[in-house]
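Observations on the model geometry
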Amino acid sequence: MGLLSIIRKIKRKEKEMRILMVGLDNSGKTTIVLKINGEDTSVISPTLGFNIKTIKYQKYSLNIWDVGGQKTIRSYWRNYFEQTDGLVWVVDSSDVRRLDDCRMELEKLLKEERLSGASLLVFANKQDIQGALKPSEIAKKYKYYRKYSFHDIFYPRIKVPLSHSQHIISPRDWYIASLGTIP
Amino acid sequence: MKHAAMLERLSNLHRSRLQQYAARRSDSDAASPAFESVRSFLDHFSDSKRSIEAELARCRALASDPASAPNLKPELENVSASIADLDRLVAENSYFLPSYDVRSSLKAISELKEALDSANSELVPRKKFSFKNKASKKDQCILVKQIEEIKVVDAEKSNPVGVRDSPGFRNKENAVLVKCFRVSEEGEGDFSLSDLNSCEVYLKGRIRALFVHRLRNCRIFAGPVQGSILIEDVNDCLFMLASHQIRIHQARATDFYLRVRSRPIIEDSSGVRFAPYRLFYKGIDEDMKDSGLGEETGNWANVDDFKWLRAVQSPNWCLIPEEEHVGTTNASDREEQCDDE
Ligand SMILES: Nc1nc2c(ncn2[C@@H]2O[C@H](COP(=O)(O)OP(=O)(O)OP(=O)(O)O)[C@@H](O)[C@H]2O)c(=O)[nH]1
Ligand SMILES: [Mg+2]
């Protein structure tokens, strides 16, 4: 049952992957997507609604949905669940106060059966900020997802720098690597 | 053109989605049609909306007749399914819709949901149901169960891992608090202001990010923030801030003097007013420039209210009339100061 539908899904999606980026407001979703796409990130407004980016990578076409995380629009997240292959949950590692809210929102999301079969990645963003929680500390906070059989990775090294001088480590490879191995 | 190619790709994608979607559904007429234009989408949208409203009205009529009461629950479930379809329709067509139409469609949907929720709670008081996709009960993820089980085990020890606080001013009353950031050190870090009552705060120099939480009757003057500012739960305050992004949640009766590169946003706020940034201390010009905030963009006046997604002006915010503006605040002489440090 569950497994069959997952296999079917992988077959259907050999070339095209739908990736949903969600997380609390201010976590950096839009910045990440624009950076990956090599676009200018100097002026980004909080997202009212969503953006869609299609990124070609090798034989894949990544369809990235970046959905706004403000409280008012979180209830619309589920409009985007259908046929999602990969869920990227973006965490602002420096926002210690809202870490619990952040985890609770993810928990809510994972109860959605429409997301079953998708792979999950928790993205510990803003690692460059002094005093930000380390990916391992955030992982501890989310500990029960480690036992979860979704593919969960805490990617420790990606930084989305504010200036263009720093380089970001080939995140496209990372997307493929983590999304390509749905258990 | 690159853009045209992308749109084309998306629309192909969309078409193939609709086909898959239609194939998955046994009753093919329930599948969403493809739209060539915004106009035809909006027509279809408003037709569906009207018919959902009519269905809801019919449910209310049903409820007054005891004989048909047993039918009520399935009827309401149908309404719920129709709303979910409409929801999906908007999501699927969103790439070609102007953002205003998307916003207003989403708003209309949320109103339908509210109407349905209240019908549910009034007419079917005992059992509340949610918008679950019941087609795939069998498909239900084993993983969800796993999570629940593990959660039970973890419940007792799920207390927050002792997380440290970031640098900041916290829990102060009637104090003047001053912090000077030197570029070499804290310029890379974040700073928090929380649980302050009747305080005056000066932050000089550059910071990466600023978090503000639970302030009452405070006056805050800050140099440039290179990333974003997040403000939650403030009453009767004055803020003078410069940043790339500013998000304001649950603010009441508070004035904001801002310089922002993007559009400031408010949510769950009322009685908030906006004016341009007027802060001075020695070296601020350079700090502003180094933070990418050297130029006035005029965005301090382009406020988006997430609780008011309409074209007409939100009742929750306004501009501060010029004659009420506080003058330029000079913080040059403020020395570092914090009661218990
Ligand atoms: N220092 C630092 N700042 C970051 C990083 N990523 C994003 N930011 C900043 O975080 C703020 C929020 O970024 P956005 O991309 O708008 O966040 P979002 O998740 O899209 O927010 P919503 O659209 O409201 O849901 C911006 O000021 C970014 O410059 C990072 O890796 N490091
Ligand atoms: Mg965004």
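Residues numbered from 1 in each chain as written. Chains lettered and ligands numbered in written order. Predicted model: local features only at pLDDT ≥ 70, side-chain atom pairs only at ≥ 80, totals over all residues. Heavy atoms only, no water.

**Quick look at the packing of helix α3 (residues 69-93) of chain B against helix α4 (residues 99-123) of chain B**
Residue and element names in this part refer to chain B. Keep this limit in mind: Helix axes are fitted only over the stretch in contact, all axes being lines through C-alpha atoms; the angle between N-to-C directions runs from 0 to 180 degrees. Only runs of H or I of at least four residues qualify as helices and only runs of E of at least two qualify as strands under DSSP, and these elements are numbered from the N terminus. Here roughly perpendicular refers to angles of 65 to 115 degrees, roughly parallel to angles under 35, roughly antiparallel to angles over 145, and oblique to all remaining angles. Crossing handedness follows the turn of the near helix against the far one: under a right angle anticlockwise gives a left-handed crossing, and clockwise gives a right-handed one. For this analysis, residues touch if any pair of their heavy atoms sits within 4.5 Å. Residue type decides the class: Asp, Glu, Lys and Arg count as charged, Ala, Val, Leu, Ile, Met, Phe, Trp, Tyr, Cys and Pro as nonpolar, and the leftover types, Gly among them, as polar.
Contact geometry of α3 with α4 gives a least axis separation of 10 Å together with a crossing angle of 165°. Considering the angle they form, α3 stands roughly antiparallel to α4. Remark: the crossing between α3 and α4 carries left-handed chirality. Mapping the contact onto sequence places Leu72, Leu76, Val79, Ser80, Ile83, Leu86, Asp87 and Val90 in α3 and Ser105, Leu106, Ile109, Leu112, Lys113, Leu116, Ala119, Asn120 and Leu123 in α4. Counted by class, the contact of α3 with α4 contains twelve nonpolar, three polar and two charged residues.

**Here we look at the nonpolar core**
Nonpolar side chains in soluble globular proteins tend to end up buried together. Quick note on the threshold: Throughout this description, the term nonpolar core refers to a set of buried Ala, Val, Leu, Ile, Met, Phe, Trp, Tyr and Cys residues connected via side-chain atoms within 4.5 Å. For the exposure calls, accessible area comes from a 1.4 Å probe over protein chains only, and a residue counts as buried if that area is under 20% of its type's maximum, exposed if over 50%, partly exposed in between.
Core analysis: the largest hydrophobic core is formed by 54 residues, its most contacted members being A:Leu20, A:Val22, A:Leu87, A:Trp89, A:Leu106, A:Leu109 and B:Leu76. For this core, the leading source of residues is α3(B), giving eight residues. In contact with A:Leu109, not counting residues within four places along its chain, are A:Val22, A:Trp77, A:Phe81, A:Leu87, A:Trp89 and A:Leu115. Residues B:Leu196, B:Leu215, B:Ala251 and B:Val303 belong to the second largest nonpolar core, which totals 37 residues.

**Topic: the pattern of salt bridges**
Stated precisely, the cut-off is as follows: Whenever a carboxyl oxygen of Asp or Glu lies within 4 Å of a side-chain nitrogen of Lys or Arg, that contact is scored as a salt bridge.
As enumerated under the stated definition, the model contains 28 salt bridges over all chains in all. For the salt bridge of A:Arg98 with A:Asp25, the shortest nitrogen-to-oxygen distance reads 3.3 Å. Here A:Arg98, found in the loop between β4 (86-92) and α4 (99-110), pairs with A:Asp25, found in the loop between β1 (16-22) and α2 (29-36); they are 73 residues apart in sequence, far enough to count as distant. A:Asp25 shares its class with A:Arg98; the two are buried. In this structure, B:Asp47 engages B:Arg50 in a salt bridge whose closest nitrogen and oxygen atoms are separated by 2.9 Å.

**Some remarks on the UniProt feature "binding site: Mg(2+)" (unreviewed entry) in chain A**
Using the following cut-off: UniProt positions are given in the numbering used here, feature names are shortened, and annotations may be inferred rather than shown by experiment.
The feature "binding site: Mg(2+)" (unreviewed entry), as given by UniProt, occupies A:Thr30 and A:Thr47 in the numbering adopted here. Across 18 residues of sequence, these annotated residues stay compact in space, with a maximum C-alpha separation of 7.6 Å. By secondary structure assignment, the location of A:Thr30 is in helix α2. Non-local contacts of A:Thr30, meaning those with residues more than four positions away in its chain, are made with A:Ile44, A:Thr47, A:Asn51 and A:Asp66. Positionally, A:Thr47 belongs in the loop between α2 and β2 (50-57). Leave out the neighbours within four places in its chain, and A:Thr47 touches A:Thr30, A:Asp66, A:Gly68, A:Ile73 and B:Phe306.

**Re the site of ligand 1**
Worth spelling out the cut-off: Throughout, near means a residue has at least one heavy atom within 4 Å of the molecule or strand. Any pair of nitrogen or oxygen atoms within 3.5 Å is treated as a polar contact; in protein, a donor-acceptor pairing is required on top of that, and neighbouring residues in sequence qualify only through side-chain atoms on both sides.
Taken together, 25 residues lie around ligand 1, and A:Lys29, A:Thr31, A:Gly69, A:Asp128 and B:Gln245 are the ones closest in. Around ligand 1 the close residues trace back to chains A and B. The separation between an oxygen atom of ligand 1 and a polar side-chain atom of A:Thr47 is 2.8 Å. Within the side chain of B:Arg247, a nitrogen or oxygen atom sits 2.9 Å from an oxygen atom of ligand 1. Looking at the shell around ligand 1, the elements that each hand over two or more residues are α2 of chain A together with β6 (219-235) and β7 (238-260) of chain B.

**Quick look at the coordination of the magnesium ion (ligand 2)**
Residues and elements named next belong to chain A. Let me state the cut-off plainly: Coordination partners: N, O, S within 2.8 Å of the metal, 3.2 Å for Na, K and Ca; water not considered, so apparent gaps in a site are possible.
Within the protein, the atoms that donate to the magnesium ion (ligand 2) are Thr30 (OG1) and Thr47 (OG1), at distances of 2.0 Å. Here threonine 47 lies in the loop between α2 and β2 and threonine 30 lies in helix α2, a separation of 17 residues in the sequence. Classification of threonine 30 as buried rests on a relative accessible area of 13%. When its relative accessible area of 13% is taken as the criterion, threonine 47 is described as buried.

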